[in-house]
Amino acid sequence: MTQRAGFIALIGEPNAGKSTLLNRMVGAKVSIVTHKVQTTRARIRGVAMEGEAQLVFVDTPGLFKPRRRLDRAMVAAAWGGAADADVVVLLVEAHRGITAGVGHILDALGEATKGRKVALAINKIDRVKSEALLGLTEELNARFPFERTFMISAERGHGVDDLREWLAGEVPEGPWLYPEDQIADLPMRMIAAEMTREKLTLRLHQELPYQLTVETESWEERKDGSARIDQVVYVARDGHKGIILGRKGETIKAVSQAAREELEEFLGRKVHLFLQVKVRPGWLDEAERYSEMGLEFKDGNG
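What counts as what
- All residue numbers refer to position in the chain's written sequence, counted from 1.
- Residues qualify for local features only when their pLDDT is at least 70, as the model is predicted, and side-chain atom pairs are given and counted only at 80 or more; totals for whole chains, interfaces and linings, by contrast, use all residues.
- With hydrogens and water stripped out, all remaining heavy atoms of the structure feed into the side-chain values.
- Secondary structure is summarised from DSSP: a helix means a run of H or I of at least four residues, a strand means a run of E of at least two, and numbering begins at the N terminus for each.
- Remark: exposure states derive from per-residue accessible area (1.4 Å probe, protein chains only) relative to the maximum for the residue type, with buried under 20%, exposed over 50%, and partly exposed in between.
- Here, two residues are considered to be in contact whenever any of their heavy atoms come within 4.5 Å of each other.
- Here the Shrake-Rupley method, with its probe set to 1.4 Å, supplies the accessible areas, and only the displayed protein chains count as covering residues.
- Note on terminology: a nonpolar core comprises buried Ala, Val, Leu, Ile, Met, Phe, Trp, Tyr and Cys residues joined through side-chain atoms within 4.5 Å.

Engineer: Mind showing me how you'd approach the overall build of the protein here?
Structural biologist: In terms of regular secondary structure, the protein is built from nine helices and nine strands. The proportion of buried residues among the 302 residues of the protein is 51%. A separation threshold of at least 6 residues defines the contact pool for the protein, and within that pool the share at least 24 residues apart is 72%. Approximately 13900 Å² of the protein is accessible, and the part contributed by carbon and sulfur atoms is 48%.

Written as structure tokens, this is what we have:
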């Protein structure tokens with residue numbers, strides 16, 4: 001059989017289920033999943049094997065109307081991911097239908113994908129009746145000539161295998177891009193930082209929307225097979241530091257424990273995780289923070 005390999009961009013509004021679908025396709029937790037919009041900052045790639053085809057997923061940040069520099073850089077990264085991919089999959093939430101945001105994406109899709117194959121995946125199908133799904137499918141296909149439409153539930157796995165099989169037939173013939181056992185091309189340090197950031201986001205909800213970032217400062221392999229990981233949580237203001245630490249350090253302790261447990265599960269070994277919180281007022285405007293997140297600082301200009 002001929003080997004195939006290609007890049008697939010998952011695009012859609014924030015919270016459309018891109019990260020959940022990526023994790024389901026790859027079969028491991030690579031991209032963080034939270035209920036807060038815009039948690040995927042970097043172009044995390046997950047690698048899935050389907051027969052002789054290797055599918056490399058570019059999990060782009062959600063597409064929305066950007067206001068701040070970080071937002072603009074994220075939207076530029078999302079469209080950039082679509083333009084670089086061999087196949088693009090647009091995710092639309094079944095119960096939300098064609099929102100203003102989906103409308104914007106549909107309007108920009110032709111120009112941004114420039115003749116690439118674009119499939120439509122209607123996600124969260126368990127939330128609506130089949131007649132509504134049919135109407136939504138027709139309406140979306142009238143707005144853009146999709147190659148195929150898939151009805152899926154990324155969370156439950158419905159329809160995901162069909163989508164993956166179709167993608168395997170659409171990517172170009174050619175050698176695999178990654179070793180077979182490699183599920184993500186992000187350095188482990190960054191995946192570890194994303195896991196901690198996910199736990200912070202889930203724990204703090206409304207209090208700290210985007211004003212924090214996590215960096216893995218050091219990673220030490222120990223003789224007993226365990227790893228010591230030191231991370232710094234950067235916040236923009238003094239007041240935020242107190243929120244993250246919590247009363248008598250309770251919040252940071254809980255976050256650290258949750259992140260450590262997930263890291264141990266992911267790595268399959270013992271992890272010693274140490275978190276520090278530091279105030280860095282201008283981190284949202286520092287170029288190096290952007291490159292660490294796989295974003296272009298200049299794309300934030302506007």
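After that view, the rundown keeps rolling.
Engineer: I would appreciate a short explanation of the environment of Leu140 in the present structure.
Structural biologist: Relative to the helices and strands, Leu140 is located in helix α4 (residues 130-143). Taking the C-alpha atoms as reference, Leu140 lies 9.4 Å from Gly103; in sequence the two are 37 residues apart. Contact partners of Leu140, with chain neighbours within four places excluded, come to Val92, Ile98, Val102, Leu106, Leu120, Ile122 and Phe146.

Engineer: I keep staring at the nonpolar core and nothing clicks. Help me out?
Structural biologist: The nonpolar side chains of a soluble globular protein tend to be buried with one another. Grouped together as the largest cluster of nonpolar side chains are 25 residues, with contacts concentrated most on Ile8, Leu21, Leu55, Phe57, Val89, Leu163 and Leu167. Mapped onto this core, the elements with two or more residues apiece are β1 (4-12), α1 (18-26), β3 (53-59), β4 (87-93), β5 (117-123) and α5 (160-170). With five residues, the top contributor of residues to this core is α5. Once residues within four sequence positions are removed from consideration, Leu163 is found in contact with Leu21, Met25, Val89, Ala121 and Phe150. By size, the runner-up hydrophobic cluster in this structure holds 22 residues, among which are Ala192, Val235, Leu275 and Val277.

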